[in-house]
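# Chains, contacts and geometry: an overview
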Amino acid sequence: MTALSALPAPHDTPLDLGGRTALVTGAAGGIGRACALRLAAAGAKVRAVDRDAAGLEALAAAAADLGGAVEPHVLDLTDLDAAESAAAGTDVLVNNAGLQLVRPIEEFPPDVFHTVLTVMLEAPFRLIRGALPHMYGQGWGRVVNISSVHGLRASAYKSAYVTAKHGLEGLSKTTALEGASHGVTSNCVNPGYVRTALVEKQIADQARAHGIPEERVVAEVLLQDSAVKRLIEPEEVAQAVAYLCGPQASFVTGTSLVLDGGWTAH
């Protein structure tokens, strides 16, 4: 038997998360909503966490129409104790919630910097901390951190966001090293600019920061370093998350799955 023929056959079964509980933060819209729907479609019971109660109810209704189960959980992630408690009993944790402000460092409000790091770095730490005991106890778990190309590269005027995403990369790798012997994987998904409200809202900020009209921002700023000249769809990111939760990715941990249209190939 040759080495090639000795390789195991590839897994080609659909993702089955029946009996699993998944928690997705920032689930009311954008990437989080797409992830919640994808995991619910795979059979997971999804705890959808967000501050937007109406958005969560709409998500739950959409999931029900597709035959999935989504449990709305209204929560402000700056309440770190509540965040950690919410993660108890979680099999799959998707840290997605984020916020953005585009300002030069000398004009960046310190209180906003603090809030960004609380929501996007400290809250993921607390959520992971709350989820790991259950994952360790059963010998299986998946932590997926929605990072960004900005977890690997910096851009001007985004000091808080870039700092938080770089920190999230380190947290994810540490989680992977500690969780490996317990059957827990931890990875980042790193998209470029995704077609979400977060991106749409920063176009005006980018125009002001760079001194150009808003209609030039997408082509000349957002997609300047991307070889593929389009925004990523939230559903594409959700499929990457689903892959990391499946049996095909059991050996994938401590790494970053980059969906950047060639940005980091420069």
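### Details of the overall build of the protein
- Broken down by element type, the protein carries 8 helices and 7 strands.
- Since a compact globule built from 266 residues should have a radius of gyration of about 18 Å, the 19 Å found for the protein is in line with a globular shape.
- Residue pairs at least 24 apart in sequence account for 72% of intrachain contacts in the protein once pairs closer than 6 positions are excluded.
- As presented, the protein carries roughly 12300 Å² of accessible surface, and 56% of it is formed by carbon and sulfur atoms.
- The positive charge centre, built from 20 side chains, and the negative charge centre, built from 28, are 3 Å apart in the protein.

### Things to note about the pattern of salt bridges
- With the rule as written, the count across this model stands at 7 salt bridges.
- In this structure, D81 and R126 form a salt bridge, with 2.5 Å as the shortest nitrogen-oxygen distance. Highlighted residues: D81 in helix α3 (residues 80-86) and R126 in helix α4 (residues 110-138), separated in sequence by 45 residues.
- For D81, a relative accessible area of 52% gives the class exposed.
- Across the pair E220 and R216 runs a salt bridge, and its minimum N-O distance is 2.9 Å.

### Looking at the pairing of strand β3 (residues 69-74)
- In the sheet, strand β2 (residues 45-50) pairs with β3 via 6 bridges, with the strands oriented parallel. Residue pairing in the sheet places V49 in a bridge with H73 of β3.
- With helix α2 (residues 53-65) bridging β2 and its parallel neighbour β3, the resulting β-α-β unit is right-handed.

### A few points about the nonpolar core
- Counting 39 residues, the largest nonpolar core has L39, V46 and V94 as its most contacted members.
- Going through the elements one at a time, β1 (21-25), α1 (30-41), β2, α2, β4 (92-95), β5 (141-146) and α8 (234-245) are the ones with two or more residues in this core.
- When sequence neighbours within four positions are dropped, the list of residues in contact with V46 reads A22, V24, A36, L39, A40, A69, V70 and E71.
- Counting 28 residues, the second-largest nonpolar core is a separate cluster that includes A83, L93, A123 and V184.

### A look at unusual backbone geometry
- With a phi close to 75 degrees, Y157 is a non-glycine residue in the positive phi region.
- For Y157, the location among the structural elements is in the loop between β5 and α5 (159-179).
- On the basis of relative accessibility, which here comes to 29%, the residue Y157 falls in the partly exposed class.

### Digging into the environment of R38
- Inspection of the secondary structure assignment puts R38 in helix α1.
- Spatially, the C-alpha atoms of R38 and I128 are 21 Å apart, while their sequence positions differ by 90 residues.
- Not counting residues up to four positions away in its chain, the partners in contact with R38 are L15, A238, Q239 and A242.
- A polar contact is formed between the side chain of R38 and the side chain of Q239, at a distance of 3.1 Å.

Quick notes on the rules
Residues numbered from 1 in each chain as written. Predicted model: local features only at pLDDT ≥ 70, side-chain atom pairs only at ≥ 80, totals over all residues. Heavy atoms only, no water. Helix = DSSP H or I, 4+ residues; strand = E, 2+ residues; numbered from the N terminus. Rg over C-alpha atoms; globule rule 2.2 N^0.38 Å. Contact = heavy atoms within 4.5 Å. Areas by Shrake-Rupley, 256 points an atom, 1.4 Å probe, with all protein chains shown as cover. Lys, Arg positive; Asp, Glu negative; His and termini not counted. Charge placed at Lys NZ, Arg CZ, Asp CG, Glu CD. Salt bridge = Lys/Arg side-chain N within 4 Å of Asp/Glu carboxyl O. Buried < 20%, exposed > 50% of the residue type's maximum accessible area, 1.4 Å probe, protein only. Pairing = 2+ DSSP bridges. Right-handed = clockwise from strand over helix to strand, strands pointing away. Core = buried A, V, L, I, M, F, W, Y, C linked by side-chain atoms within 4.5 Å. Polar contact = N/O pair within 3.5 Å; in protein donor to acceptor, adjacent residues only side chain to side chain.

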